[in-house]
Amino acid sequence: MGTEPQTLAGVTELAVATEPRAFLVIHIEGAGSRVVDLPEGVDVTFGRSRGATISLDHEKVSRMHSRVRRTGDAIEVEDLGSRNGTRVNGDKIGAARRIESGDELSIGPILAIVGVSSGLRRTSPILDAEAGELRLAAEVDRSVRYHRPVTLALMRITSDAVLESIARTLRPMDVIAEDAGDDYLLILPELSRPDGAAAIQRALELARASNQPATASTALCPDDGTSVDVLMSQLRRGLRTGKLPRAETSVPAAPIAVEPAMQRVFTLVERIADTTMTCL
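Residues numbered from 1 in each chain as written. Predicted model: local features only at pLDDT ≥ 70, side-chain atom pairs only at ≥ 80, totals over all residues. Heavy atoms only, no water.

A. Region of interest: the overall build of the chain. When you go through the chain residue by residue, the secondary structure sums to five helices and 18 strands. For the chain, contacts bridging at least 24 residues in sequence account for 58% of all contacts bridging at least 6. Counting every atom, the chain has about 14700 Å² of accessible surface; 52% of that belongs to carbon and sulfur. (Helix = DSSP H or I, 4+ residues; strand = E, 2+ residues; numbered from the N terminus. Contact = heavy atoms within 4.5 Å. Areas by Shrake-Rupley, 256 points an atom, 1.4 Å probe, with all protein chains shown as cover.)

B. Inspection of the sheet that holds strand β11 (residues 97-99) at higher detail. One open sheet holds the five strands; their spatial order is β6-β5-β7-β8-β11, and the pairing between them is mixed. Two strands close off the open sheet at either side, each with one partner strand: β6 (54-55) and β11. Relative to β6, strand β5 (residues 43-47) runs parallel, the two sharing two bridges. Following the sheet pairing, Gly47 is matched in β6 by Ser55. (Pairing = 2+ DSSP bridges.)

C. The arrangement of the pattern of salt bridges in detail. Taken as a whole and assessed by the stated rule, the structure comprises 14 salt bridges. A salt bridge links Asp43 to Arg67, with the nearest nitrogen and oxygen atoms 3.7 Å apart. Placement of the pair is Asp43 in strand β5 and Arg67 in strand β7 (residues 66-71), with a sequence separation of 24 residues. Among the ionic pairs, Asp141 bridges to Arg145, the shortest N-O distance being 3.3 Å. (Salt bridge = Lys/Arg side-chain N within 4 Å of Asp/Glu carboxyl O.)

D. A look at the pairing of strand β17 (residues 183-189). Most of β17 is tucked away, with seven of its seven residues classed as buried. Covered by surrounding structure in β17 are Asp183, Leu185, Ile187 and Pro189 together with Tyr184, Leu186 and Leu188, the residues of both alternating faces. Here strand β15 (residues 150-157) runs beside β17; their pairing, made up of seven bridges, is antiparallel. Residue pairing in the sheet places Ala153 in a bridge with Leu186 of β17. Judged from the five bridges that link them, strand β16 (residues 175-180) and β17 form a sheet pairing that is antiparallel. (Buried < 20%, exposed > 50% of the residue type's maximum accessible area, 1.4 Å probe, protein only.)

E. Region of the structure containing the packing of helix α1 (residues 129-146) against helix α4 (residues 228-241). The N-to-C vectors of α1 and α4 enclose an angle of 110°; their axes lie 10 Å apart at closest approach. For the element pair α1 / α4, the angle class is roughly perpendicular. In this structure, the crossing between α1 and α4 has a hand that is right-handed. Of α4, the residues touching α1 (which contributes Leu136, Ala137 and Val140) are Val228, Leu231 and Met232. Taken together, the residues of the contact of α1 with α4 sort by class into six nonpolar, no polar and no charged. (Axes fitted to C-alpha atoms, helices over the stretch in contact; angles between N-to-C directions. Parallel < 35°, antiparallel > 145°, perpendicular 65-115°, else oblique. Left-handed = near helix turned anticlockwise from the far one by under 90°. Nonpolar A, V, L, I, M, F, W, Y, C, P; charged D, E, K, R; others polar.)

F. View of the nonpolar core. Membership of the largest hydrophobic core comes to 25 residues, with the highest contact counts inside it found for Met155, Ile166, Ile176 and Leu186. Secondary structure elements with two or more residues in this core: β3 (22-28), β15, α2 (160-169), β17 and α3 (193-209). No other element matches α3, which puts seven residues into this core. Counting contributing residues per domain, this core is built from domain 1 (20-118) and domain 2 (126-241), each supplying no fewer than three. What Met155 contacts, discounting residues up to four positions off in sequence, is Ile166, Asp182, Asp183, Tyr184, Leu186, Ala203, Leu204, Thr215 and Ala216. Of all hydrophobic cores here, the second largest spans 23 residues; its members include Ala22, Val36, Ile93 and Leu105. (Core = buried A, V, L, I, M, F, W, Y, C linked by side-chain atoms within 4.5 Å. Domains from an automatic or database assignment.)

Here is the structure:
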C-alpha cells in the first residue's frame, strides 16, 4: 500500500499505510554500529551473558542488563536489576518504560537508537516549502542576532517511510520542511557543528537501516553564513558535490554586524565570495 499526503495550512501529514518495521541502531564504543530488528513479541536483551542478544563483556554491563520488547505498536525497555542502570535519553529508568522512534538507550558503553520505518500508525507534520522558508528566516535572524548556533541540513530522501521515521527522531524545537523534489530541509536550533553532524548521521543511519538511499549536506549558522541565501547556496552545493562540511577548528568566527547597513555589506560579501569573478 502507498502513502497519501494530506496538506493543511502549510503542513503535510504523511499517512503511512505500509507494514511497520521497528529496529535498534546499536553503537558500541570501539566496535562500530549495527542494526537489530525488533520482531513482534520477541525480547532483545543486553548483557555480558553469551545468551544476550547484544552481548558485551564490559565492567559497566551486568550479566543480563536490560531488554527491549515490541508488542503491537508499543515498544518498551526494562532494566533487569543491573548495577549501573539503563538510561533513556539520559534519564535513569526504574520500571519498564515505553519508548518511541528517536529515543536513545544507554547501557554502559552501548548506545541504542530506536527506529521505526513507517510510523506505527502515527503521522508527523512536515512543513511545506513556504512555511519552511519562513521558519528558516526566523532561525537565521535569531542566530545572527544572539550569536547562537543553528545546524542546517539538506537531505535527499526518496522514501516517505524513511522521511516519516526521521521526522519522529527530531526534538520538539526542530523542523523538517520540503525544499524541492526529494530534498528536505532540517533546521536544528542550538546544535553546534559536532552535535549537528551527529544528529544528521543518526538520520542517515535510519535510512540505511531501511535499505533506502539518503544523502545530506550541512551548514552552521552563523559560522558558515549569516543570510538564508548564502546558507542555502552552501547546502545545495554540498548536496550536489558531496563535499563534506568543514571541520570546526578551521571555521573562522563570523563577523557580528548589528547595524543594518553593515549587515547588508557582510551579506553581499558572502554572496560575492560564493561566485566566480575575474580580478583585474
